[in-house]
Amino acid sequence: MKKSRMLTTDPLLLATGITLLGFVFGIVLYRGDYCMVAMLRDFFLIRDTTLLRSFVFYFLSASVLFYFGGLTGLLPFVPPPTFAPASLATMAGGLLFGIGMVLAGGCVVGTLYKMAGGNLVNWIGFIGILAGSLLYAEVHPLIQRFSAQTTVTHTITVAQDNPLVQSLLLLAIIAACLLAIRRWSRQGSLHVISHARGYIQPWKVAVILGLLNFFYYILAGAPMGITTAYAKLAAYLEQIFLPGHVAGLAYFQENSISFQFEKILVSGGAGPRMDYISHTELSLMAGIFSGALAAALHYKEFKIYRVPPRRQAVAALTGGILLAMGARIASGCNVKFFLGGLPLLAWQSIIFTAAVIAGAWIGTQILTRYVIR
Amino acid sequence: MSDVQKIELDILGQVCPACLLVVLREMNTHRQRIKNGETQLIIKTDHRDTTRTIPESARKMGYDVKVRNLETYYEITIGKNE
């Protein structure tokens, strides 16, 4: 019998637990300067693969934990209720997201931990993400129709098509990961030299992230997500000025997630109200920012140096808008799709990742040609 | 040699990866002079990860690199030190 220990039945416990997870997440991200934009971008720029290689450690820890979590019933939903079949919207969204995150100099979590250091570029990126979320709310019904009409898979994960293929594929990837790690450790190339205060080695950050996402999955019933929290925050702000308009938008009325757990209906959306998204994603966001801020203050690094050059400010704002639009169109970001869905071999994740890589390449071209000169 | 040309690059508070890109460009521009010990690049940055990527790139090009923790930021010096 599956015995579940998910805590969604108690909102306060859920919110507290996830805020704490987020706090640790924020500290670790800041200390390792673990930027998922740099992970792709720096490969295009200088062929630096340090952060990319650390993702091998992430995949290994998360896929093994998720797998056994599913078997033991610690994770009652595999695949999680936040995932759906892939569509062309997944691809289009990923492309926009990839371009946007490079221009904004951070993804949805990178922006948070970098804001905590006091960099105004990332504060501008943050405002861009809020603005992009509001913009999306205006066109939501259109995008939703597009997404529904262009599905490219019937299933959510490879396992739903064929469980054997999924198991074999996972085993093959895990074996490849182990071989790669053995090679790197023999070469002595796992340990990298950084002079940053309180630095944590990328591979260690990756393993810690795997554990954190696993705990989050146990608590929330789905792996980490965060972009809907931006939309919710933006909705609260817009409501102050245009309450009637917000009330009339379908996106802020609907639930983006709803599922049944032990006879209780759990649901949440981007609208300005307390619900499952507040207890999970918004709590995670608050946790990450405060954890990173605590780290920045601890190492005495918090400082606002200057108003950024105009080109960079424009790029950050545009990038924020693009990445928010992309995340909404694909109904998720790198946190959900890279960290949560790749170890589960979710179709959306596979397609989103490919599109983000292409987008990041385009973003890097724009950045080096027009923004930083 | 006291007449070493010092080029100061203040990249505090700019978008990531401005620091990396600007420094790479300067390293290329002054390639020969840095090698001869005639020019030193002194970079101020708050991008924590560049204390890894810049020294790595600079060492690959055969330059001396030194990183100092100053107050709230980092100072990276590229080029011969005496």
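Each chain carries its own residue numbering, running from 1 in the direction its sequence is written. Chain letters start at A and ligand numbers start at 1, both assigned in the order the entries are written. This being a predicted model, a pLDDT of at least 70 is required before a residue's local features are given, and a value of 80 or more before pairs of side-chain atoms are given or counted; all residues contribute to the totals for chains, interfaces and linings. Side-chain descriptors were evaluated using all non-hydrogen atoms of the structure, hydrogens and water having been removed beforehand.

Focus on the interface of chain B and chain A
What counts, and what does not: It only takes one pair of heavy atoms within 4.5 Å for two residues to be counted as in contact. As used here, buried area is the combined drop in accessible area, with a 1.4 Å probe, of two parts when they are placed together. Salt bridge, as used here: a side-chain nitrogen of Lys or Arg that lies within 4 Å of a carboxyl oxygen of Asp or Glu. We call two N or O atoms a polar contact when they sit within 3.5 Å, provided that within protein one can donate a hydrogen and the other can accept it, with sequence-adjacent residues counted only if both atoms are side-chain atoms. Here a strand is any run of E in DSSP of at least two residues, a helix any run of H or I of at least four, and the numbering for each starts at the N terminus. Three classes are used: nonpolar for Ala, Val, Leu, Ile, Met, Phe, Trp, Tyr, Cys and Pro, charged for Asp, Glu, Lys and Arg, and polar for all others, with Gly counted as polar.
In this complex, chain B contributes 32 residues to the contact, which on the side of chain A involves 35 residues. Both sides together, the interface formed by chain B and chain A hides about 2800 Å², and carbon and sulfur atoms give 51% of it. Along the contact surface separating chain B from chain A lie three salt bridges. Ionic pairing is found between R52(B) and D48(A), a salt bridge with its closest N-O pair at 3.0 Å. For the pair chain B and chain A, the number of links is 22 residue pairs in polar contact (both at pLDDT 80 or more). It is helix 3 (residues 50–60) of chain B that provides the largest number of residues to the side of chain B that touches chain A, a total of seven residues. Within the side of chain B that touches chain A, the residues separate by chemical class into 15 nonpolar, eight polar and nine charged.

Overview of helix 9 (residues 202–220) of chain A
Rules: Multiply 1.5 Å by the residue count of a helix minus one, and that product is the helix's expected span.
Here helix 9 of chain A contains 19 residues, and its C-alpha end-to-end distance of 26 Å stays within 8% of the 27 Å for a straight helix at 1.5 Å per residue. G221(A) occupies a position one or two residues after helix 9 of chain A and carries a positive phi of about 85°.

Focus: the nonpolar core
Filter applied, for reference: Remark: nonpolar core denotes a set of buried residues (Ala, Val, Leu, Ile, Met, Phe, Trp, Tyr, Cys) joined through side-chain atoms within 4.5 Å. Buried residues are those whose accessible area, probed at 1.4 Å on protein chains only, stays under 20% of the maximum for their type, while exposed residues exceed 50% and partly exposed ones sit between those limits.
Ranked by internal contacts, the top residues of the largest apolar core, which has 123 residues, are F97(A), M101(A), I226(A) and I78(B). With sequence-adjacent residues up to four places away left out, I226(A) is seen in contact with V108(A), V109(A), L112(A), E281(A), L284(A), M285(A), I288(A), C333(A) and V335(A). Counting 13 residues, the second-largest nonpolar core is a separate cluster that includes Y136(A), Y251(A), A270(A) and I329(A).

A closer look at the side chain of K114(A)
Going by this rule: Neither His nor the chain ends is counted toward charge; the positive residues are Lys and Arg and the negative residues Asp and Glu.
Looking at the element boundaries, K114(A) is found in helix 5 (residues 110–115). This buried residue, K114(A), is left without a salt bridge; D33(A) holds the nearest opposite charge, at 4.8 Å. Filtering out sequence-adjacent residues up to four positions away, K114(A) remains in contact with D33(A), C35(A), G105(A), N119(A), N122(A) and C16(B).

Side note on the sheet that holds strand 1 (residues 5–10) of chain B
Residues and elements named next belong to chain B. Filter applied, for reference: Note on pairing: DSSP must find at least two bridges between two strands before they are called paired. Axis geometry follows a simple rule: fit a line to the C-alpha atoms, using only the stretch in contact for helices, then measure angles between N-to-C directions, giving values from 0 to 180 degrees.
Pairing in this open sheet of four strands is mixed, and the strands run 1-2-4-3 from one edge to the other. Only two strands of the sheet have a single neighbouring strand rather than two, namely strand 1 and strand 3 (65–70). Pairs of neighbouring strands in the sheet enclose a mean axial angle of 15°, with direction left out of account. Pairing geometry for strand 3 and strand 4 (residues 73–78), over six bridges, is antiparallel. Within strand 4, the position partnered with K66 by the bridge is T77. Along the sheet face, helix 1 (residues 18–29) touches strand 1, strand 2 (39–45) and strand 4 and points at about 175° away from the line of strand 2. Across the sheet, helix 3 lies against strand 2, strand 3 and strand 4, angled at about 0° from strand 4, the strand it touches most.

As for the pattern of salt bridges
Inspection of the entire model under this criterion finds eleven salt bridges over all chains. For R197(A), the salt bridge goes to E301(A), with nearest N and O atoms at 2.7 Å. Here E301(A) lies in the loop between helix 13 (276–298) and helix 14 (310–330) and R197(A) lies in the loop between helix 8 (163–187) and helix 9, a separation of 104 residues in the sequence. Across the pair, exposure class does not vary: R197(A) and E301(A) are buried alike. For E75(B), the salt bridge goes to R68(B), with nearest N and O atoms at 3.2 Å. Three or more residues joined by partner-sharing salt bridges are found here, namely D48(A), D49(B), R52(B) and E56(B).

Quick word on the packing of aromatic side chains
All names here are of chain A. Threshold: Only the six-membered ring of Trp is used, alongside the rings of Phe and Tyr, when aromatic pairs are assigned; centres must lie within 6.5 Å, and planes under 30 degrees apart are stacked while those over 60 apart are edge-to-face, with the rest tilted. Two limits define a charge over a ring: the Lys NZ or Arg CZ must be within 6 Å of the ring centre, and within 35 degrees of the ring normal.
For the coordinates displayed, the defined rule picks out 18 aromatic pairs over all chains. Residues F259 and Y276 carry aromatic rings whose centres are separated by 5.5 Å and whose planes lie at 85° to one another, so their mutual orientation is edge-to-face. Here F259, found in strand 1 (residues 257–261), pairs with Y276, found in helix 13; they are 17 residues apart in sequence, far enough to count as distant. Of the two residues, F259 and Y276, both sit in the buried class. Over the face of the ring belonging to W184 we find R53, whose NZ or CZ atom lies 5.3 Å from the ring centre. For K336, the ring lying beneath its charged end belongs to F83, and the centroid distance is 5.2 Å.

Considering a nonpolar patch on the surface
All names here are of chain A. Put simply, the test is: Each patch is built from salt-bridge-free residues with over 30% relative accessible area, joining like charges within 9 Å and nonpolar side chains (Val, Leu, Ile, Met, Phe, Trp, Tyr) within 5 Å. All accessible areas in this document rest on Shrake-Rupley with a 1.4 Å probe, and a residue is counted as covered only by the protein chains that are shown.
Taken together, the side chains of V64, Y67, F68 and L71 define a hydrophobic patch exposed on the protein surface, amounting to about 390 Å² of accessible area. Structurally, L71 can be placed in helix 3 (residues 50–72). Owing to a relative accessible area of 54%, L71 belongs among the exposed residues under this scheme.

Describing the environment of V335(A)
Residues and elements named next belong to chain A. For V335, the location among the structural elements is in helix 15 (residues 334–341). In this structure, the C-alpha to C-alpha distance between V335 and V109, residues 226 residues apart in sequence, is 7.9 Å. In contact with V335, other than residues within four places in its own chain, are V108, V109, M224, G225, I226 and G340.

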